Amino acid sequence: MATKNIKFNTKTIHGGQRPDKAYGAVIPPIYQTSTYAQTTPGGHKGYQYSRSANPTRTALENSLASIEGGEFGLAFGSGLAAIDAIIKLLEPGDEVISTNDLYGGTYRIFKTIFEKYGIVFHFVGMQGVEAVREQINSKTKLIWVETPTNPMMNIINIKAVVALTKGTDILLAVDNTFATPYLQKPLELGADIVMHSATKYLGGHSDTVVGALVVKDKELADKLYFIQKASGAVCGPMDSFLVLRGIKTLHVRMQRHCENGKAIAEYLKTNPKIEKVYWPGFGDHPNHVVAKEQMKDFGGMISFVPKGGSYDNAIKIVEKLQVFTLAESLGGVESLVGHPASMTHESIPKEERLRIGVVDALIRLSVGIEDVDDLIADLEQAIE
Ligand SMILES: *Cc1c(COP(=O)(O)O)cnc(C)c1O
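Residues numbered from 1 in each chain as written. Predicted model: local features only at pLDDT ≥ 70, side-chain atom pairs only at ≥ 80, totals over all residues. Heavy atoms only, no water.

Moving on, we come to the domain arrangement of the protein. Annotation of the protein at the domain level lists domain 1 (8-247) and domain 2 (251-383). Here the C-alpha centroids of domain 1 and domain 2 sit 26 Å apart. Of the residues lining the interface, 41 residues belong to domain 1; the matching set on domain 2 comes to 43 residues. When domain 1 packs against domain 2, the two sides together hide about 3,400 Å² of surface, and 61% of this comes from carbon and sulfur. The tally of links from domain 1 across to domain 2 stands at 15 residue pairs in polar contact (both at pLDDT 80 or more). Those elements giving two or more residues to the side of domain 1 that touches domain 2 turn out to be α1 (8-14), α4 (104-114), α6 (158-165), α7 (180-183) and α10 (237-247). Ranked by residue count, the leading element in the side of domain 1 that touches domain 2 is α1, at 4 residues. Within the side of domain 1 that touches domain 2, the residues separate by chemical class into 20 nonpolar, 17 polar and 4 charged. (Domains from an automatic or database assignment. Contact = heavy atoms within 4.5 Å. Buried area = accessible area lost by both parts, 1.4 Å probe. Polar contact = N/O pair within 3.5 Å; in protein donor to acceptor, adjacent residues only side chain to side chain. Helix = DSSP H or I, 4+ residues; strand = E, 2+ residues; numbered from the N terminus. Nonpolar A, V, L, I, M, F, W, Y, C, P; charged D, E, K, R; others polar.)

Bringing the UniProt feature "modified residue: N6-(pyridoxal phosphate)lysine" (unreviewed entry) in the protein into the picture now. Taken from the UniProt record, the annotation "modified residue: N6-(pyridoxal phosphate)lysine" (unreviewed entry) applies to K200. Structurally, K200 is set in the loop between β6 (193-197) and β7 (211-215). Every residue in contact with K200, bar those within four places of it in the chain, is listed here: Y103, T177, S329, L330 and G331. (UniProt positions renumbered as here; feature names shortened; annotations may be inferred.)

Attention now goes to the packing of aromatic side chains. For the structure shown, the criterion picks out 10 aromatic pairs. Counting every residue linked through ring pairs, the aromatic cluster contains Y107, F110, F121, F123 and W144. Just above the ring of F282 sits the side chain of K269; from NZ or CZ to the centre is 4.0 Å. The cationic tip of K276 hangs over the ring face of Y278; the distance from NZ or CZ to the ring centre is 5.2 Å. (Phe/Tyr/Trp six-rings, centres within 6.5 Å; stacked < 30°, edge-to-face > 60°. Lys NZ or Arg CZ within 6 Å of the ring centre and 35° of its normal.)

This part covers the site of the ligand. Taken together, the neighbourhood of the ligand is formed by 15 residues, with G79, D175, S197, T199 and K200 sitting nearest. Here G79 contributes a backbone N or O atom positioned 2.9 Å from an oxygen atom of the ligand. Measuring from an oxygen atom of the ligand, one finds a backbone N or O atom of L80 at 2.9 Å. In isolation the ligand has 370 Å² of accessible area, and contact with the protein removes 93% of it. Elements supplying a minimum of two residues to the shell around the ligand: α3 (79-87) and β6. Among the residues forming the shell around the ligand, the class breakdown is 7 nonpolar, 5 polar and 3 charged. (Near = heavy atom within 4 Å. Areas by Shrake-Rupley, 256 points an atom, 1.4 Å probe, with all protein chains shown as cover.)

This brings us to the packing of helix α11 (residues 250-270) against helix α15 (residues 372-383). Between α11 and α15, whose axes approach to 10 Å, the crossing angle comes to 30°. On the basis of the axis angle, α11 is roughly parallel to α15. Helix-helix and strand crossings are classified by hand; for α11 and α15 the assignment is right-handed. Facing α11, whose interface residues are N260, A263, I264, Y267 and L268, α15 presents V372, L375, I376, L379, E380 and I383. Split by residue class, the contact of α11 with α15 holds 9 nonpolar, 1 polar and 1 charged. (Axes fitted to C-alpha atoms, helices over the stretch in contact; angles between N-to-C directions. Parallel < 35°, antiparallel > 145°, perpendicular 65-115°, else oblique. Left-handed = near helix turned anticlockwise from the far one by under 90°.)

Our focus in this paragraph is the pairing of strand β2 (residues 95-99). As a general feature of sheets, a regular strand has side chains that alternate between the two faces. Burial within β2 is extensive, with 5 of its 5 residues counted as buried. Taking every second residue as pointing to the same face, both faces of β2 are buried, with E95, I97 and T99 on one and V96 and S98 on the other. One ladder, built from 5 bridges, connects β2 with strand β3 (residues 120-124); its direction is parallel. Each bridged residue has a counterpart across the sheet, and for I97 the counterpart in β3 is H122. In the classification by handedness, the crossover that spans β2, the intervening α4 and the parallel β3 is right-handed. Where β2 and strand β4 (residues 140-146) come together, 4 bridges link them in parallel fashion. By the bridge assignment, I97 is partnered in β4 with I143. (Buried < 20%, exposed > 50% of the residue type's maximum accessible area, 1.4 Å probe, protein only. Pairing = 2+ DSSP bridges. Right-handed = clockwise from strand over helix to strand, strands pointing away.)

Ordered in space as β8-β9-β12-β11-β10, the 5 strands form an open sheet in which the pairing is mixed. Sheet topology places β8 (274-278) and β10 (325-326) at the edges, where each strand pairs with a single neighbour. Here strand β9 (residues 301-306) runs beside strand β12 (residues 363-366); their pairing, made up of 4 bridges, is antiparallel. Paired with F304 across the strands is I363, a residue of β12. Sitting on the sheet, helix α13 (residues 311-320) is in contact with β9, β10, β11 (336-338) and β12, with an inclination near 25° to β12.

Printed below as a string of structure tokens:
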């Protein structure tokens, strides 16, 4: 099937895929092998060793490239391994401008792993891009955007950041984990690299840990493939299979995540026991206009603060929930609840955390695709 000009829902199922060459298997087989027989040294069928390439991983990488509207996909052993590969494009002395409201593990790898190799990170609020412009200098080599941000649900205007990097050698990478290409396509907006924790919505079933990168440029892809092979943080064939299977239902899952997310955001907003709800679909969300423009819908991630909420208060609520499971992670079919201050964002220093709004009482929901009435009833009893 020629899969270049098909639409998104068709791409999730067919993009970059064709029946397997050996027996015509419609679904790419799990090639659980480390190596491949050669007829003569170098006489192979495109695969020599599974760190360099594996047919199941290739199938996933082709699918990733297709759904993000890119040319080249790369699958890694985790989202952080994918981030690690991007930073390895840089040299000591190079500077990175990153949003200050981001996934805790991303902050941690930047600060604790790469700073000691001489890479300089500046963390700035990116809702207005002025702050980004002010940090740019001749050493700036990468801008790191995560939107919607985690857990504050701020929206960064990707096009506005692209305008700052146009005509420079500064790469723009976007962590598209929360939005997925169903909602937002950073490469089409002009970004250079899209990154995913495919562990979340792409996989969609909380059953594997996988990372992904997608790019359009061949030279950049070659550099990243080299890092992937040389550093070796690849994703295995079974995990590739699971994410590939997840992607086939991405569009129907996302549609329901968005519907349920909207219903729950609106329920929380009218609940007198709730102080504040963070969800980009509200007309009074500070970046609602940008969200409406760059996203197809608003997703299933919501954060909220109970009225008069304290650390203990929030803990009580998350412990009382029954349909929502208290767990790290997000993006699966089941609803999850998290307490950022003690879980996902615990590695961010407290004053930094408070400055970006991650207060002790903040609760984050990953709204799943269950019956929304059951989810609302669960929240109701826990908030009581
Ligand atoms: C989970 C997550 C990551 C890290 O991905 P892993 O697969 O856990 O390594 C990065 N960014 C965001 C937004 C995430 O939610």
